Structures are given as structure tokens and as C-alpha cells.
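For reference, the chains in residue letters:
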Amino acid sequence: MEPATAAVPAPKREYSFTPGKLAMWLFLGSDAMGFMGLIGAYMVLRITSANWFRPEFDPPLGIGLTAFMTFVLICSSVTMVTALSAIQKGNRKRLLLWLGLTILGGVVFLSLQAYEWSHFISGKTELAAAFAKTTGGAAPFTNFQATFFSCTGFHGLHVTVGVVYLSCIWVRAWQGAYTATNHSPVELVGLYWHFVDLVWIVLFTIVYLLPDSVPN
Amino acid sequence: MSEHAPSPYYKIFAWLTAFTIAEIAWAYWFVEFRIVLILGLGMMAAVKAAMVGLYYMHLKYERGLIWGAILFPVVLVAVMIVGFLPDALFPYGH
């Protein structure tokens, strides 16, 4: 006769659940609301503006630069998910490799954003000089500038935090802190990083592909 | 998450890249057709975001409390958008 406990099979878990994961999702949900506030402000100001004044908006290398930045983030997402897959199989060397590539993707993205911002800021400076020469006054600060720098700056801040966060996880992985059965922090940093990628997908469409085309 | 079969990560990567290229082409081709442009770009961005969420963030394999943690802010965001709409559509109060 079998023991009584054998008659009731253990429930099959179809997904893992940890308090850390729930906390991360709650954080991402609240963070998404912050982003939506900024994007909503951008859209309202854009739609209600009779003249969306954006004199220095001339992306270096055209839209190609930001398209490449998007591609870099997509690549870093796939390296991140591959890193998680590696540690789920207990492969620490692969985890370090793919995490390192994810960090590299974040650094490349930030470098390109810094290049883009420097272009915009120098354009603004040149515009202000030309404006002062002809009118004697300062060039107007526009809603476009305010919302563009707020939205992309807030996202850039998240990428910066992500790179630091990933670097901490990389160091812990190098110290051998994660195994096939104990890798929750890798999963959590992955959630954060994919969220950053997801937000950029929305920003890229709204800020870079739509600006001249939404109806006034 | 380790209980389910591996997701098609590289297929999703290929789709994300293809949709990004399609978005840029769409933005050039339909620049004169604003409604088509906005709807097309909006739909492609939504599909890309859904693919990242479902497959890379593994939402496809989550249930219950995690979905609740996501849906609650989504509802709040929807309320905020509805709140913004009058300002956006009737900026001068009429």
C-alpha cells in the first residue's frame, strides 16, 4: 500500500514566482506611469502647438543614427535573455559573456545618445548666437526642447542605471554567486533591462518617427 | 520560468529588427497620409512592445499576481490618457 501522500500529486508549477519578481514588476508598473506622464505631456504639447518650433532638430546622420541606437538596444535585449538562459543551464562562463555584451550594448547606446545631445546643444548654441546677432535677444526656449530632453533624458538615466545594475550583477556572477537553481537577481535585472528597451520602442516611434507628421 | 520550454529568442530578435526597418520605411512612404502613418507606426510599435513583454520579459508564462501588478498601472495610465484627451483635442476650451 502506497503512503497517503502519494495519492495527492504535488501541484505542477507552470511559472516561478518570487517576492523579488513581484516587487520588480510593481516598480516597473510605477515607472511606466512616470514615462507615460512625460510622453503624455509631449503628445499634448505637440498636438496643441500651432507651430512645433524645433529649429535645431536635425538628427546627426539622419534617422539612421537613432535607428542604429534602436538596433543596439534590441541586440542588448537578446544578449540579456541569452545570459539568463545560460545560467538556467548552469553555464557561468556564457552568463558572463552575454552579460558583458549586454553592458557593452548599453554603453554604446549611451555614447550615441551623448553624441546626439551634444549635436542638439551645439545647434541650440549656434541658433542663440545667430538670434542674438539679428534681434539682440535670446533664442526662444521651445516646448520641443523641453519635452525632447525630458523624455530622452529620463530614458537615458534609466539606461545608465541599467548599465550600473548589470555591472554589479556581472561582478557577482564572476564571484560565482549564481547557479542553475539560484539566479533570481539575473532574472530581475533582465526584467529591468527589457523594460528600458520597451520604453525606447515607444519613444523612438513618438519622438523620432512622428514629429513632423502628427496633425496640428 | 525555468520550468517552461525555451522561447524563440532569436526569432523574436529577427522580428523586432524587421519591424524597426518597416517602421522607418513606413515613416518615409506614408509621410503625406497622416492617419495611415500614425495608425501603422502605432500598431508596429505596439506589436514590438508586446513581443518584448511576452517573450523577453516572459509575461507569456506568468499568471495571476504578476498580471495584476501590470494591469493595475495600465488602467491608471488609461485613466490619465482619458483625462488628457480634452486638453489635447480642445486646447482652447471648445
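Look up a bit, the structure's there.
The text that follows walks through the structure, step by step, so that each part is easy to find.

Definitions and cut-offs
- Residues numbered from 1 in each chain as written.
- Chains lettered and ligands numbered in written order.
- Predicted model: local features only at pLDDT ≥ 70, side-chain atom pairs only at ≥ 80, totals over all residues.
- Contact = placed C-beta atoms within 7 Å.
- Helix = DSSP H or I, 4+ residues; strand = E, 2+ residues; numbered from the N terminus.
- Nonpolar A, V, L, I, M, F, W, Y, C, P; charged D, E, K, R; others polar.
- Buried ≥ 20, exposed ≤ 12 C-beta atoms within 10 Å, placed from the backbone.
- Core = buried A, V, L, I, M, F, W, Y, C linked by C-beta atoms within 7 Å.

### A look at the interface of chain A and chain B
Thought 1: Chain A puts 42 residues into the contact, and the matching count from chain B is 42 residues.
Thought 2: For the side of chain A that touches chain B, the secondary-structure elements that each account for two or more residues are helix H1 (19-48), helix H2 (63-88) and helix H5 (184-209) of chain A.
Thought 3: Ranked by residues supplied to the side of chain A that touches chain B, first place goes to H1 of chain A with 14 residues.
Thought 4: Partitioned by chemical class, the residues of the side of chain A that touches chain B number 24 nonpolar, 13 polar and five charged.

### Let's talk about the environment of cysteine 75 of chain A
Residues and elements named next belong to chain A.
Thought 1: You can see cysteine 75 is positioned in helix H2.
Thought 2: Residue classification places cysteine 75 among the buried residues on the basis of 20 C-beta atoms within 10 Å.
Thought 3: The sequence separation of cysteine 75 and glycine 176 amounts to 101 residues, and the corresponding C-alpha distance is 26 Å.

### A few points about unusual backbone geometry
Thought 1: Residues other than glycine seldom take positive phi values, yet histidine 58 of chain B does so here, at roughly 60 degrees.
Thought 2: Judged by local crowding, histidine 58 of chain B falls into the buried class, with 22 C-beta atoms found within 10 Å.

### Some thoughts on the nonpolar core
Thought 1: Core analysis: the biggest nonpolar cluster contains 61 residues, and Ala83, Leu95 and Leu99 of chain A have the highest contact counts within it.
Thought 2: Secondary-structure elements contributing two or more residues to this core are H1, H2, helix H3 (92-135), helix H4 (143-174) and H5 of chain A together with helix H1 (9-29), helix H2 (34-56) and helix H3 (65-89) of chain B.
Thought 3: Among the elements that take part in this core, H5 of chain A stands out by supplying 16 residues, more than any other.
Thought 4: Non-local contacts of alanine 83 of chain A, meaning those with residues more than four positions away in its chain, are made with Leu95, Trp98, Leu99, Thr102 and Val186 of chain A.

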